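As a plain string of letters, each chain reads:
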Amino acid sequence: MAKENLNDLQAFVAVARERSFTRAAAQLGVSRSALSHAMLALEARLGVRLLTRTTRSVSTTEAGNRLLDVLAPRLGEIEQELASLSAMRDKPAGTVRITAHDHAIATVLWPRLAPLLKQYPDIQIEFSVDYAFTDIAAHRFDAGVRVGNRVDKDMIAVRIAPELRMAVAGSPEYLAGKPLPTTPHELTEHRCVNLRLPTHGGLYAWDFEKNGQALNVRVDGQTVFNNTFLMLQAALDGLGLAYVPFDLMKPHIDSGRLIPVLEDWWPQFPGYHLYYASRRQISPALALVIEALRYRADDAQP
């Protein structure tokens, strides 16, 4: 195949992964129309249909699946090698893409990486907010963040934060005249602020632990979010009890804007960890990011 068709192959992989011409076009920086014409031309040259198009979605045919299985890893290897060659310059440079929970970005990643960006103006960092455990290789991220260090065997996990404690609290306005829950099961008698999970679309069941006893409770309420800070704001606005990291709750508890409940049931989880591919050659830019985020004992909050 002619060398100039490599761009079309890369474009096909983007469309197949995103299952959308619109999203793939945005990722590639081209128009949707140009991308669609490029895919039609590629199919014409190959003499086989690669994509099934409907008004609402795009999917790969059997031939498209075969081509994707062959192309994706090889194009990934080419991109990694080119990135490695580019990184051999004297100054660290390039883009580091990270997917993480909004709370992790706001409280850990951004405070530590903002100074790094000022120190190294040729480094760019792209943050993507996601509550799921993202396949960083498939979605072309350099690193991801999750709670705990349990990752696939081809990944490396580096701790970047202390233990994570969750908390439950509500505003004085909401709790006025209501009995405070004494066990997690009594939360079913209260309005609670829910979190929508991205993977299967279900609502998160609140986890609790006391004296080695772990349990989770499914709660109900008027509001559902997929953003930690909006959940906290809903509690501050009197819409019910919220379950969010304690470090976000603490200033409002100290000021009296929130009243803690079930404190002896608040669970503690392993801290945030940064994970990245162990087989990939680490670029100088990513290496600097990892070192800036690496957790040290004196980072713990008093």
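None of the values given here were measured: they were computed from a predicted structure.

Asker: For this particular structure, what's the right way to read the overall build of the chain?
Answerer: Secondary structure summary: the chain contains 9 helices and 15 strands in total. Dimensions of the chain along its principal axes, counting C-alpha atoms only, are 75 × 50 × 35 Å. Per-residue burial over the chain gives 40% buried out of 302 residues. In the chain, once contacts between residues fewer than 6 apart in sequence are set aside, the share between residues at least 24 apart is 72%.

Asker: Quick question: what am I supposed to make of the packing of helix α1 (residues 6-18) against helix α2 (residues 21-28) here?
Answerer: Angle between the axes and distance between the axes are the two parameters that describe a pair of packed helices. Two elements in contact, α1 and α2, have axes separated by 8 Å at closest approach and are oriented at 135 degrees. When the interaxial angle is binned, α1 and α2 end up oblique. In terms of crossing hand, the pair formed by α1 and α2 is right-handed. Residues Ala11, Ala14, Val15 and Glu18 of α1 pack against Phe21, Arg23, Ala24, Gln27 and Leu28 of α2. Taken together, the residues that form the contact of α1 with α2 break down as 6 nonpolar, 1 polar and 2 charged.

Asker: Would you take a moment to explain the packing of aromatic side chains for this structure?
Answerer: Remark: the centre distance and the inter-plane angle together describe each pair of aromatic rings, the angle taken between the planes. Applying the stated criterion across every chain, the model contains 5 aromatic pairs. Relative to Tyr243, the ring of Tyr204 has its centre 6.0 Å away and its plane inclined at 45 degrees; by these criteria the two rings are tilted. Of this pair, Tyr204 sits in the loop between β8 (193-195) and β9 (206-210) while Tyr243 sits in strand β12 (residues 242-245), and the two are 39 residues apart along the sequence. Here Tyr204 falls in the partly exposed class, since its relative accessible area comes to 22%. Accessibility expressed as a relative area gives 4% for Tyr243, which makes it buried. Both rings, one in Trp206 and one in Tyr243, keep their centres 5.2 Å apart while their planes meet at 20 degrees; by these two values the pair is stacked. With Trp206 in strand β9 and Tyr243 in strand β12, this residue pair connects regions lying 37 residues apart in the sequence. By the ring-pair criterion, three or more aromatic residues cluster together here, those being Tyr204, Trp206, Phe208 and Tyr243. Of note, Lys178 hangs over the ring of Tyr174, and the distance from its end group to the ring centre comes to 4.3 Å.

Scoring rules and cut-offs
- Residues numbered from 1 in each chain as written.
- Predicted model: local features only at pLDDT ≥ 70, side-chain atom pairs only at ≥ 80, totals over all residues.
- Heavy atoms only, no water.
- Helix = DSSP H or I, 4+ residues; strand = E, 2+ residues; numbered from the N terminus.
- Buried < 20%, exposed > 50% of the residue type's maximum accessible area, 1.4 Å probe, protein only.
- Contact = heavy atoms within 4.5 Å.
- Axes fitted to C-alpha atoms, helices over the stretch in contact; angles between N-to-C directions.
- Parallel < 35°, antiparallel > 145°, perpendicular 65-115°, else oblique.
- Left-handed = near helix turned anticlockwise from the far one by under 90°.
- Nonpolar A, V, L, I, M, F, W, Y, C, P; charged D, E, K, R; others polar.
- Phe/Tyr/Trp six-rings, centres within 6.5 Å; stacked < 30°, edge-to-face > 60°.
- Lys NZ or Arg CZ within 6 Å of the ring centre and 35° of its normal.

In short, the description is geometric, and any link to function would need to be established separately.
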